[in-house]
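Chain by chain, the residues run as shown.
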Amino acid sequence: MFKKLFGQNENFIDSELSTEIPLPKHVAIIMDGNGRWAKRRFLPRIAGHKEGMNVVKKITKYASSLGIDVLTLYAFSTENWKRPTDEVDFLMKLPVEFFDTFVPELVEENVRVNIMGYRENLPAHTLKSVEGAIEATKHCTGLVLNFALNYGGRAEIISATKAAIAELVAAGENPADITETDIDNHLMSRGLGDPDLLIRTSGELRLSNFMLWQLAYSEFYFTEVHWPDFKEEDFLQAMIDYQNRSRRYGGL
């Protein structure tokens, strides 16, 4: 066992996290509850998204300090375009503010930014900011901070399957011989490995079209805590819970 201190909160010490049981290499998070957090405080929904951005910064640093390899965050789904225009516009401006202020710290923390999603539909200012962050951190070798931005799991599976079939046909092979590996090689998350653990905040018990292929054997952790209230302690509790799971992958 070892003890872990949290940033400024030196009174919080945990001794339940084991050094003998591996932590998840890849953690995925559905960051839910920004709007409900704001509503409870009689604030506009965008205030919840703003506060949620600050939580991303804290959790990224903490995950990096624990030695997590990949942190995938569901930032904007292909279905989120259905939201009110002013909210969508704000969400598309958030990456600009986030990366403009946080990239220097990401470089200092040796964190590399990655994006998975359909970039062609993103506004020019959003795409420019995203690509700038990817370029600025491409040399970093620590945690991969992977944002799912304009991402949908079903669309990804269709795109990957079409690309895999086209590759087989081009190689003169039978498309009927397609394998899981063929599809894996064309997923947006290729090279990152499947998530070992999925965390969803705010009490909802669904996947919401997130990484449907990759989460086939992931462990799930649900918490009632809204994302803007999610703290390092909450992330650590998810790690402890994960270490107490038995992963059998269909075996005994």
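For the structure itself, consult the block above.
All residue numbers refer to positions counted from 1 along the written sequence of the respective chain. For a predicted model such as this one, the threshold for reporting local features is a pLDDT of at least 70, and the threshold for listing and counting side-chain atom pairs is 80 or more; totals across whole chains, interfaces and linings nevertheless cover every residue. Only hydrogens and water are removed before side-chain values are computed, so all heavy atoms of the structure are retained for them.

Here the focus is the pairing of strand β7 (residues 197–200). For every residue, the accessible area (1.4 Å probe, protein chains only) is compared with the maximum for its type, and the residue is labelled buried under 20%, exposed over 50%, or partly exposed between those bounds. For helices the rule is a DSSP run of H or I covering at least 4 residues; for strands it is a run of E covering at least 2, with both sets numbered from the N terminus onward. Here β7 shows a buried face lined by Leu197 and Ile199 and a second buried face lined by Leu198 and Arg200. At least two DSSP bridges between two strands are needed for those strands to be called paired. Bridge analysis of β7 against strand β8 (residues 219–222) gives four bridges, and the strand direction is parallel. Counted as the bridge partner of leucine 198 is phenylalanine 220 from β8.

Right, let's get into unusual backbone geometry. A positive phi angle, near 55°, is found at phenylalanine 42, a position not held by glycine. Here phenylalanine 42 shows up in the loop between α1 (34–40) and α2 (45–66). Positive phi values are uncommon outside glycine, yet asparagine 110 reaches one of about 65°. If you trace the backbone, asparagine 110 turns up in the loop between α3 (85–108) and β5 (112–116).

Under the pairing criterion, centres of Phe, Tyr and Trp rings, with the six-membered ring standing for Trp, must be within 6.5 Å; the plane angle then separates stacked pairs below 30 degrees from edge-to-face pairs above 60, leaving the rest tilted. Within this structure, the stated rule accounts for eleven aromatic pairs. A ring pair is formed by tyrosine 74 and tyrosine 151, whose centres lie 6.1 Å apart and whose planes are at 80°; its orientation type is edge-to-face. Of this pair, tyrosine 74 sits in strand β4 (residues 70–77) while tyrosine 151 sits in strand β6 (residues 144–151), and the two are 77 residues apart along the sequence. Like tyrosine 151, tyrosine 74 is buried. Relative to phenylalanine 222, the ring of phenylalanine 220 has its centre 6.1 Å away and its plane inclined at 80°; by these criteria the two rings are edge-to-face. By relative accessible area, phenylalanine 220 is classed as partly exposed at 28%. Each residue in the set Phe98, Phe99, Phe102 and Phe147 is aromatic and connected to the rest through ring pairs, giving one cluster.

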